[in-house]
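Geometric and topological summary
Listed here are the chains, written in short residue letters.
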Amino acid sequence: MHSSRCGVIIPAAGSGSRMGRSQPKQFLELAGIPVLARTLRVILDHPKLAAVVAVLPPEQLQSGMELLLPFLSPAQQAKLCFTAGGATRQQSVYNGLAALPMEIDRILVHDGARPLVTAAVIDRCVAGLDEHGAILSAVPVKDTLKEVTATEATVLRTVDRARLWQAQTPQGAARSLLEQAFRQAVADGFVGTDEASLLEHAGIPVSVVMGSELNLKITRPEDMALATALLRQEEQLMRIGHGFDAHRLVEGRRLILGGEEIPSHLGLDGHSDADVLVHALMDAILGALGEGDLGQHFPDNDEQYRGADSCQLLVQVMKLVRAKQMRLLNADITVICQRPKLAPYRAAMQARLRALCATEAINIKATTTEGMGYAGRGEGISSHAVVLLAEYASV
Ligand code: MG
């Protein structure tokens, strides 16, 4: 069999009522990225998985796609489609099965709320499918298990755990076997809590492959804290960037710095609003991304950028940051300006840029040059910025 014909169904249509939050758990942010986007990235990046369908709550199909797609690269998006889920997990997985191309002859199902799945676990599952036809990833039970009474939770006995395994996902089977299991379940009115139980019900042998203790399912608030801690450990790739810009002060222009209009009889000259502070910041971010400079992205001979609000351009640059699977950790910006005094506007500038860049760690400083040079003579204002970006990684 060819591994390239393996597809994945990601059921993520649940309401997540156990999280105690209004938003379903799969859409909550985990270390800055929605849980489901993290899960999708790991699955979509695996070279042996050819097609992926994410099954979303029907009423959130459109909004869910809009939330997730900015976190996925074009190459990742090319393997992905979305479909609406049903009332039960079983119905959602069935809808996903119908949405996968017919040439997909082996299917894995993976919980949208298990973002810490690794390529190694997926490798074992794909190899297991080739060998056995139907598989389940699981880990041996570690804790001593007690059977208790239903009403008072008094211990009845200790359960022998030697043959007990905890089911995880991925689970899966050859397409023909999975379809057979669904037909049998429909015929018998059987509803299972996972795909392996459907296969078992249909009398199809299911082999166990080793899962991972780290492949936890985000169900309760404490799972979110644990997953965040695990991910933070792995986020190691950092990139630094530096930006510099200078604009001339002229009459008849508004003075815009850090998105704030500052009362002044002189303003900065330029094709856009000439916000030298935001320009330096954007150049630093583009530098860290290895994406050239501002002029390449927003040419100053392009009419659409005449008088442009530089903060709106910053929004575009931040989209690029997310598309490259990075996030801005911090920025330090120095404005070199003899007059007017910028201190009264510093807090407002910082608040605006913190919101646009989705980080509290934006620092703005202002200095004069004690009358020296073009800045000292009041001919212009310049700005330097340094930034640090971090790549999101998965464990
Ligand atoms: Mg500029």
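Residues numbered from 1 in each chain as written. Predicted model: local features only at pLDDT ≥ 70, side-chain atom pairs only at ≥ 80, totals over all residues. Heavy atoms only, no water.

Regarding its fold elements, the protein presents 13 helices and 18 strands. For 395 residues, the compact-globule estimate of 2.2 N^0.38 gives 21 Å, and the protein exceeds it by more than 25% at 27 Å. Expressed along its principal axes, the backbone C-alpha trace of the protein runs to roughly 85 × 50 × 35 Å. Residue burial in the protein is summarised as follows: out of 395 residues, 49% are buried. Within the protein, contacts between residues at least 6 apart in sequence are counted, and of these 75% link residues at least 24 apart. Approximately 18,600 Å² of the protein is accessible, and the part contributed by carbon and sulfur atoms is 52%. (Helix = DSSP H or I, 4+ residues; strand = E, 2+ residues; numbered from the N terminus. Rg over C-alpha atoms; globule rule 2.2 N^0.38 Å. Buried < 20%, exposed > 50% of the residue type's maximum accessible area, 1.4 Å probe, protein only. Contact = heavy atoms within 4.5 Å. Areas by Shrake-Rupley, 256 points an atom, 1.4 Å probe, with all protein chains shown as cover.)

Turning our eyes to something else, we now look at the packing of helix α9 (residues 276-289) against helix α11 (residues 310-323). Their axes nearest at 10 Å, the elements α9 and α11 cross at an angle of 15 degrees. One finds that α9 runs roughly parallel with respect to α11. With respect to the hand of their crossing, α9 and α11 are arranged in left-handed fashion. On α11, the residues that touch V278, H279, L281, M282, I285, L286 and L289 of α9 are S310, C311, L313, L314, V317, M318, L320 and V321. (Axes fitted to C-alpha atoms, helices over the stretch in contact; angles between N-to-C directions. Parallel < 35°, antiparallel > 145°, perpendicular 65-115°, else oblique. Left-handed = near helix turned anticlockwise from the far one by under 90°.)

Counting residues in hydrophobic clusters, the biggest one holds 44 residues, and the most contacted among them are L257, L277, L281, I285, L314, L353 and I381. Mapped onto this core, the elements with two or more residues apiece are β15 (266-268), α9, α11, β16 (326-336), α12 (346-357), β17 (362-367) and β18 (380-391). Tallying contributions element by element places α9 first for this core, with 11 residues. With near-sequence residues (within four places) excluded, L353 lies in contact with G258, L277, V278, L281, L314, I333, I362 and I364. If you look at the next biggest cluster of nonpolar residues, it comprises 31 residues, including A54, F71, V117 and Y392. (Core = buried A, V, L, I, M, F, W, Y, C linked by side-chain atoms within 4.5 Å.)

Quick look at the packing of aromatic side chains now. Enumeration over the complete set of coordinates arrives at 2 aromatic pairs. With a centroid separation of 5.3 Å and an interplanar angle of 85 degrees, the aromatic rings of F298 and Y305 are classed as edge-to-face. Across the pair, Y305 and F298 agree in class, each one buried. (Phe/Tyr/Trp six-rings, centres within 6.5 Å; stacked < 30°, edge-to-face > 60°.)

So, about the coordination of the magnesium ion. Summarising the metal site, the magnesium ion is bound by the protein donors D245 (OD), H247 (NE2) and H279 (ND1), whose distances to it range over 2.0 to 2.3 Å. Read in sequence order, the donor residues for the magnesium ion give the motif D-x1-H-x31-H. With a gap of 32 residues between them, H247 in strand β12 (residues 238-251) and H279 in helix α9 connect regions that are remote in the sequence. Accessibility expressed as a relative area gives 15% for H247, which makes it buried. (Donors = N, O, S within 2.8 Å, 3.2 Å for Na, K, Ca; no water.)

Shape is all these values report; function is a separate question.
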